[in-house]
Amino acid sequence: MKAETAPPGAARRIRSFVRREGRLTPGQQRALDELYPRFGLTRPQGLLDLDAAFGRTAPVVLDIGFGDGEALAELALSHPERNYLGIEVYRSGVGRLLRTLEREGIDNVRVLEADAVEVLRQNIPPASLAGLQLFFPDPWPKKRHHKRRMVQPGWLALVAERLAPGAFLHLATDWADYAEHMLAVVGSEPRLENPAGGFAPDRGERPQTKFERRGRSKGHQVYDLILRRRDGA
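Please read these numbers as outputs of a predicted model, since none were measured by experiment. (Residues numbered from 1 in each chain as written. Predicted model: local features only at pLDDT ≥ 70, side-chain atom pairs only at ≥ 80, totals over all residues. Heavy atoms only, no water.)

Q: When you look at the packing of helix 1 (residues 26–34) against helix 5 (residues 91–104) in this model, what are you seeing that I'm missing?
A: To characterise two packed helices, one gives the angle between the axes of the helices and the distance between these axes. Their axes nearest at 8 Å, the elements helix 1 and helix 5 cross at an angle of 75°. Overall, the two elements helix 1 and helix 5 adopt an arrangement that is roughly perpendicular. In this structure, helix 1 contributes Gly27, Gln28, Gln29, Arg30, Ala31 and Leu32 to the contact, and helix 5 contributes Arg91, Ser92, Val94, Gly95, Arg96, Leu98, Arg99 and Glu102. By residue class, the composition of the contact of helix 1 with helix 5 is 4 nonpolar, 5 polar and 5 charged. (Axes fitted to C-alpha atoms, helices over the stretch in contact; angles between N-to-C directions. Helix = DSSP H or I, 4+ residues; strand = E, 2+ residues; numbered from the N terminus. Parallel < 35°, antiparallel > 145°, perpendicular 65-115°, else oblique. Contact = heavy atoms within 4.5 Å. Nonpolar A, V, L, I, M, F, W, Y, C, P; charged D, E, K, R; others polar.)

Q: Looking at this model, I keep getting lost on the UniProt feature "binding site: substrate" (unreviewed entry) in the protein chain. Mind explaining?
A: The UniProt feature table records "binding site: substrate" (unreviewed entry) at Lys142, Asp174, Thr209, Lys210, Phe211 and Glu212. Apart from the residues lying within four places of it in its own chain, the contact partners of Lys210 are Asp68 and Glu70. Here Glu212 is to be found in helix 9 (residues 210–217). Note on Glu212: relative accessible area 1%, which makes it buried. Filtering out sequence-adjacent residues up to four positions away, Glu212 remains in contact with Phe136, Arg203, Arg206, Pro207 and Val222. (UniProt positions renumbered as here; feature names shortened; annotations may be inferred. Buried < 20%, exposed > 50% of the residue type's maximum accessible area, 1.4 Å probe, protein only.)

Q: Mind showing me how you'd approach the side chain of His79 here?
A: On the secondary structure map, His79 appears in the loop between helix 4 (70–78) and strand 2 (83–88). Its relative accessible area of 16% is what places His79 among the buried residues. Those residues in contact with His79 that lie beyond four places of it in its chain are Tyr84, Asn108 and Glu205.

Q: What should I look at first to understand the UniProt feature "binding site: S-adenosyl-L-methionine" (unreviewed entry) in the protein chain in this one?
A: Look at the UniProt record and you will see "binding site: S-adenosyl-L-methionine" (unreviewed entry) annotated at Asp63, Glu88, Asp115 and Asp138. When residues no more than four places from it in sequence are discounted, the contact partners of Asp63 are Leu72, Leu85, Gly86, Ile87 and Gln133. Structurally, Asp138 is set in the loop between strand 4 (129–135) and helix 7 (153–162).

Now the structure itself:
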């Protein structure tokens, strides 16, 4: 992978992920080769035409870091009236999701193998999203790595610009420290309101995944924040 270079005098952006992927299974590689042309998107130079990407006009929900795609696929099946755009940097997860989309006959999902922050900044039109979900992002638990956490004031400001009035932002984590960080940060973004006043009383529409069940079996508590983009803010 070619190393990134920054313009003279520009600060290099701190990323919330590190590419540490192993070898793909034959099935994952086949999915990438044969199914990505069907379900995957290529990043444009400018803004994405979301209606053209899905071949229809429908509310678009962005899923960042969908992992193996279990929750995203279940939500897409439960809400055929929505379009779901999933972004993931790990090719193994993309391959797993593509296989699920084919197997289940799901056609309201499109996939981007890309850096979600770059896509949000450069390719998602303002006020175009009906929702954004970020489930179990890397918690970067060591204090010196907290700067790598995705949920930061600048990221929330960018998200607020891309959400339509009334749209939702759903965050979830099983790391108590990250949960408190999220709660503090979202309270500083004036364009987002928290109807629950704190953590949500339940997980809302979010499906319970194998990852979550495994965490709960280890005694991890799961924290959900379900926010709304204010009208006219």
